[in-house]
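Per-entry structural report
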Amino acid sequence: MHKIVILGPPGSGKGTQAEFISVALNIPIISTGHIFRNEMKNQTDLGKRITAIMDSGGLVPDEITNETVKNRLQQDDVKNGYILDGYPRTIAQVEYLDQLDELSRVVNIDCSDSVVTDRMAARRTCSKCGTDFNILFKPTKVDGVCDQCQGQLITRTDGEPDAIKERIYIYHQQDDPVLDFYKNKGILININGEPSIEEVWQQIREKLNLDS
Ligand SMILES: [Zn+2]
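- The name given to the protein in an unreviewed UniProt entry is Adenylate kinase.
- Under the heading Function (unreviewed entry), UniProt records this for the protein: "Catalyzes the reversible transfer of the terminal phosphate group between ATP and AMP. Plays an important role in cellular energy homeostasis and in adenine nucleotide metabolism."
- The protein has a UniProt comment under Sequence similarities (unreviewed entry) that states "Belongs to the adenylate kinase family."

**Digging into the UniProt feature "binding site: AMP" (unreviewed entry) in the protein**
- The positions UniProt marks with the feature "binding site: AMP" (unreviewed entry) are Thr32, Arg37, Gly58, Leu59, Val60, Gly86, Tyr87, Pro88, Arg89, Gln93, Arg156 and Arg167. Spatially, the listed residues are scattered: they cover 136 residues, and their C-alpha atoms lie as much as 30.8 Å apart.
- Here Leu59 is to be found in the loop between α3 (45–55) and α4 (62–72).
- Residue classification places Leu59 among the exposed residues on the basis of 11 C-beta atoms within 10 Å.
- Summarising the element assignment, Tyr87 is placed in the loop between β3 (81–85) and α5 (91–100).
- Classification of Tyr87 by C-beta neighbours within 10 Å gives buried; the count is 24.
- Those residues within four positions of Tyr87 in sequence are excluded, and the remaining contacts are Thr32, Thr65, Val69 and Gln93.

Reading guide: rules and limits
Residues numbered from 1 in each chain as written. Predicted model: local features only at pLDDT ≥ 70, side-chain atom pairs only at ≥ 80, totals over all residues. UniProt positions renumbered as here; feature names shortened; annotations may be inferred. Helix = DSSP H or I, 4+ residues; strand = E, 2+ residues; numbered from the N terminus. Buried ≥ 20, exposed ≤ 12 C-beta atoms within 10 Å, placed from the backbone. Contact = placed C-beta atoms within 7 Å.

In structure tokens:
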């Protein structure tokens, strides 16, 4: 039974790798961000509470996030395992999950701050149609021009140097203690997230014994 948490900095490609694992093992990805957006869209009780919190500029408290995960883990499709993406992000969440269920592995897609910075700085968005590009991974055919609509590409606000620095700072503040917890528990697998998507996936296959 694979009960996996996937961790990694923004720009590490962990979302892509989570999808590969999900397909290979036929287990669902559980993303709290995704659940929250759905609840908000469907205007459920939970969705309305989250909308109110976010409108007032707050962060969703741990109790709500924990409760959401607990409910999700009771559904039928997680009987053969799951991948948690975007959770847990705080020690309170880590401890809650620890008494809720027993994880098999925590996969950390490791990338240096400088690689993350370069990848985030390479993000571009079309000013006309909003399509996202990345001049490192998904370059346009013509420099600075959108493939879809010939609109002009612009740097996203989250691609500005100060915004990137801030996000990396917040990432370490939040995730370093989470990584330490799982390292001490002996279930942390470190994956080098800097080579190509295929090479990163190959490392994960080996470390999770997906080929045997
Ligand atoms: Zn465009």
